[in-house]
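Each chain, letter by letter, is given below.
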Amino acid sequence: MITLGCDVGSLFTKAVVLDDDSIAASRLIPTTGNATEDVERLVADLLVEAGLARDALDGEAVTGRGADLVQVAEHSEDTLTCVGWAVREYLENVELVIDVGGQSITSLLLDDAGEVVNFMRNDKCASGSGRFLDVMSAAVGVSLDRIDEVVAKAESPAPFSSQCGVFVESEVITHVNAGVKPADIVAGLCDAVARIVSSQARRFGQGKAYTLTGGVARIQAVVELIGQRLDGEYQPFPLDPQLTAAVGAALLASPE
Amino acid sequence: MLFGGIDVGSLTAQAVLLEDGELRASRNIRVLPNPVDSARAVWTTLLEQQGVDQGAVQCTVATGYGREKIEGSGLAQNNVSEISCHGMGAWSVIPGLRTLIDIGGQDAKVIRVGSAGQMVNFAMNDKCASGTGRFLEVMARSLQVELGELGPLSMKAREPVALSSRCSIFCETEVLHFRQRGVAAADIAAGVTRAMAERVAALARRVGLEADVSMSGGVAKNLAVRAELERLLGVRMVSCPVDPQVVGALGAARFASDQQARP
């Protein structure tokens, strides 16, 4: 069974080709205001990479906040449904999923079948989201993909007292001007993100076995700091966590 | 009889000198990293400019960030919360004042005062940049205009845009998208003004409004925000007869003179 799933997220658009439950190919591009064209180009490139003709696909589905704008896919699926479905496919015992996306933090409770039974979402405020880290990494001059490497050199994480992204950005600049090492600033920021993310998860699903999905879950330093604040057992999502919703869409696209 | 008030905010610091119950002089500076240094800088330059010896001032009260430390440094003999000082300062120049909307660089407060200028209730946002001076700063930066141009620009709008987010960071992205689509800067500025006023109006509704209503803080100088707040709240603001940025320091000086008056 070969299916395609696409996730039009707030910052990145992702597409995967699934061969049963393993990823045959995947691609990621920044989301622009032109979702339909972006998805068409992304899917075309992905199929070239996978060496597949479009009619070789057994199904395709699109999800994400831009999904309504895309007219190419056969059907669209709710993002949280996709995330829940993907997590249940690979992790049997996880009850709580914490998804940290580009502009949102969502905690989802799953039943045994992978259906979302309840969720709590903050998409009103950038605090703790991918966008938050994006702004901060620009302010401190360390790119997102180097965070783990830089944090490894931290000695004493810089303190942050605000939650608001704008105020935290000012705190970053104050630390930079005071000569605080970038590694210590970045370590403090990872701790701030972990604090914000885990405070939502703790209110919602304390003690439950959990996994982390979304782009921020790729940053190991944040994953570990969240782990220190949650009681439940952490089970890593075995694929790239940034692709979770796209994988779920591909699973749901299967005609079975 | 001379009394002093010092108010250190997040971005600016002010000092006032009160002589026989009248505002004699005031000074406003950008803050230094340390609030005590800011207080010393603004207070000593005010005294020098006025040719007044510190010993000639009967009593000085500190308010704002680091007010306890400012008192501890000997610059002031007492400290009072900035909410009480803003209420008192504004009431002392607007006797009918019952509600003060104070929008500073990093916070917004709506303060209800009683018939003697005493604070009776307040609502405050200092957790989120939205609805504070910082929101306007971030938006001005996205629009590539000076902060002071934002108000005049938004008065020229034909069709204000609607910003769908509350978060300053998300609004920044929205502003960039509007600009990319070629929307007139005036229409975007007016959308920013409206978003700003809506957030402050929500805060005001939490404590309830009672006339007379006035504004203080740096954002009170933005006439577009003021007009939008008047429209949303259905009130006419009473103009603050003194520089709206020195109201907190003025209130502190009033408390200094009141303390001295007590037996």
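In this text, all values refer to a predicted model and were calculated from it rather than measured experimentally.

Novice: Any chance you could explain the overall build of chain A here in plain terms?
Specialist: Helix and strand content of chain A: 8 helices and 9 strands. Along the longest, intermediate and shortest principal axes, the C-alpha atoms of chain A span 60 × 35 × 30 Å. For chain A, the residues scored as buried account for 50% of the 256 residues in total.

Novice: Just to check I follow, could you spell out the domain arrangement of chain A for this structure?
Specialist: Note: interface size is frequently given as the accessible area lost on complex formation between the parts. All names here are of chain A. The domain boundaries assigned to chain A delineate domain 1 (1-91 + 240-256) and domain 2 (93-236). Averaged C-alpha coordinates put domain 1 and domain 2 at centres separated by 25 Å. With 15 residues of domain 1 at the interface, the matching set in domain 2 holds 25 residues. Counting residues per element, the side of domain 1 that touches domain 2 draws most heavily on helix α2 (residues 79-90), at 7 residues. Looking at the side of domain 1 that touches domain 2, its residues break down into 8 nonpolar, 6 polar and 1 charged.

Novice: In this structure, what is going on with the interface of chain B and chain A? I would like to understand it.
Specialist: At the junction of the two partners, chain B supplies 12 residues and chain A supplies 12 residues. For the side of chain B that touches chain A, the secondary structure elements donating two or more residues are α4 (133-143) and α6 (168-180) of chain B. For the side of chain B that touches chain A, the element with the highest residue contribution is α6 of chain B, accounting for 4 residues. Looking at the side of chain B that touches chain A residue by residue, the classes come out as 6 nonpolar, 3 polar and 3 charged.

Novice: When you look at the sheet that holds strand β6 (residues 96-100) of chain A in this model, what are you seeing that I'm missing?
Specialist: Backbone-to-backbone hydrogen bonds join strands into a sheet, with any given pair of strands oriented parallel or antiparallel. All names here are of chain A. Strand order in the open sheet made by the 4 strands is β8-β7-β6-β9, with mixed pairing throughout. This sheet does not close on itself; its edge strands, each paired only once, are β8 (116-122) and β9 (210-213). Strand-to-strand twist of the sheet, defined as the mean angle between neighbouring strand axes without regard to direction, takes the value 15°. Along the sheet, α2 contacts β6, β7 (105-110), β8 and β9; its crossing angle with β7, the most-contacted strand, is approximately 55°.

Novice: Teacher, can you tell me more about the nonpolar core here?
Specialist: Nonpolar side chains in soluble globular proteins generally cluster together in the buried interior. Of all hydrophobic cores here, the largest spans 158 residues; its most connected members are V186, C190, V193, A249 and A250 of chain A together with I6 and A252 of chain B. Broken down by element, the residue count for this core peaks at 12 residues, all from helix α6 (residues 182-205) of chain A. In this structure V193 of chain A touches G128, F132, L133, V216 and V222 of chain A, once residues within four positions along its chain are discounted.

Novice: Before we go on, may I ask you to explain α6 of chain A in this structure?
Specialist: Helical geometry note: an α-helix holds 3.6 residues per turn, so side chains three or four residues apart project in the same direction. In this model α6 of chain A runs 34 Å from its N-terminal to its C-terminal C-alpha over 24 residues, within 8% of the 34 Å that 1.5 Å per residue would give. Positive phi appears at G207 of chain A, one or two residues downstream of α6 of chain A, with a value of about 85°.

Novice: Just to check I follow, could you spell out the pairing of strand β8 (residues 119-125) of chain B for this structure?
Specialist: Consecutive residues of a regular strand have side chains that alternate between opposite faces of the sheet. Residues and elements named next belong to chain B. As paired strands, strand β7 (residues 108-113) and β8 are joined by 6 bridges and run antiparallel to one another. Bridge pairing in β8 places V113 opposite M119. Linking two consecutive strands that pair antiparallel, namely β7 and β8, is a turn of 5 residues; a positive phi of about 85° is found at G117 within it.

Novice: Would you explain the sheet that holds strand β6 (residues 99-103) of chain B in this entry?
Specialist: Residue and element names in this part refer to chain B. Spatial ordering of the open sheet is given by β8-β7-β6-β9-β10, a layout of 5 strands whose pairing is mixed. Edge strands, defined here as strands with exactly one partner in the open sheet, are β8 and β10 (237-238). As paired strands, strand β9 (residues 213-216) and β10 are joined by 2 bridges and run parallel to one another. The residue bridging V213 from the neighbouring strand is M237, located in β10. Strands in contact with helix α3 (residues 82-93) are β6, β7, β8 and β9; relative to β7, the strand with the most contacts, it is inclined by about 60°.

Novice: What should I look at first to understand the domain arrangement of chain B in this one?
Specialist: Residue and element names in this part refer to chain B. Splitting chain B by domain gives domain 1 (1-94 + 241-263) and domain 2 (96-239). Contacts between the two partners involve 17 residues from domain 1 and, on the opposite side, 23 residues from domain 2. In terms of residue count, the dominant contributor to the side of domain 1 that touches domain 2 is α3 (8 residues). By residue class, the composition of the side of domain 1 that touches domain 2 is 9 nonpolar, 8 polar and no charged.

Novice: Which parts of the structure should I look at to understand the packing of α4 of chain B against helix α7 (residues 185-207) of chain B?
Specialist: When two helices pack together, you describe them by how their axes are tilted relative to each other and by the distance separating the axes. Residue and element names in this part refer to chain B. Packing of α4 against α7 leaves a shortest axis separation of 11 Å and a crossing angle of 165°. Classified by the angle their axes make, α4 and α7 are roughly antiparallel. In terms of crossing hand, the pair formed by α4 and α7 is right-handed. Of the residues in α7, those touching α4 at F135, L136, M139 and L143 are A185, I188, A189, V192 and M196. Residue classes in the contact of α4 with α7 are distributed as 9 nonpolar, no polar and no charged.

Novice: Would you explain the confidence of the model for chain A in this entry?
Specialist: Predicted coordinates in regions of low pLDDT should not be interpreted in detail. In this model, chain A carries an average pLDDT of 92, and 97% of its residues clear a pLDDT of 70 or more. Across chain A, element-level confidence peaks in β9 of chain A with a mean pLDDT of 97 and bottoms out in strand β5 (residues 75-76) of chain A with 75.

Novice: Just checking my understanding: could you explain the confidence of the model for chain B for this structure?
Specialist: Residues of chain B with pLDDT of at least 70 account for 98%, and the chain-wide mean is 94. Two numbers describe this predicted complex: its pTM, 0.87, and its ipTM, 0.85.

Novice: Would you mind going over the pairing of β6 of chain A with me for this structure?
Specialist: Residue and element names in this part refer to chain A. Within β6, 5 of the 5 residues are buried, leaving the element largely enclosed by the surrounding structure. Covered by surrounding structure in β6 are L96, I98 and V100 together with V97 and D99, the residues of both alternating faces. Taking the residues that link successive antiparallel strands as the turn, the β6-β7 hairpin has 4 residues. Sheet topology places β6 next to β9; 4 bridges connect them, and they run parallel. Looking at β9, one finds that V97 is bridged to T211.

Calculation rules
Residues numbered from 1 in each chain as written. Chains lettered and ligands numbered in written order. Predicted model: local features only at pLDDT ≥ 70, side-chain atom pairs only at ≥ 80, totals over all residues. Helix = DSSP H or I, 4+ residues; strand = E, 2+ residues; numbered from the N terminus. Buried ≥ 20, exposed ≤ 12 C-beta atoms within 10 Å, placed from the backbone. Domains from an automatic or database assignment. Contact = placed C-beta atoms within 7 Å. Nonpolar A, V, L, I, M, F, W, Y, C, P; charged D, E, K, R; others polar. Pairing = 2+ DSSP bridges. Axes fitted to C-alpha atoms, helices over the stretch in contact; angles between N-to-C directions. Core = buried A, V, L, I, M, F, W, Y, C linked by C-beta atoms within 7 Å. Expected span 1.5 Å × (residues − 1). Parallel < 35°, antiparallel > 145°, perpendicular 65-115°, else oblique. Left-handed = near helix turned anticlockwise from the far one by under 90°. pLDDT = per-residue confidence, 0-100.

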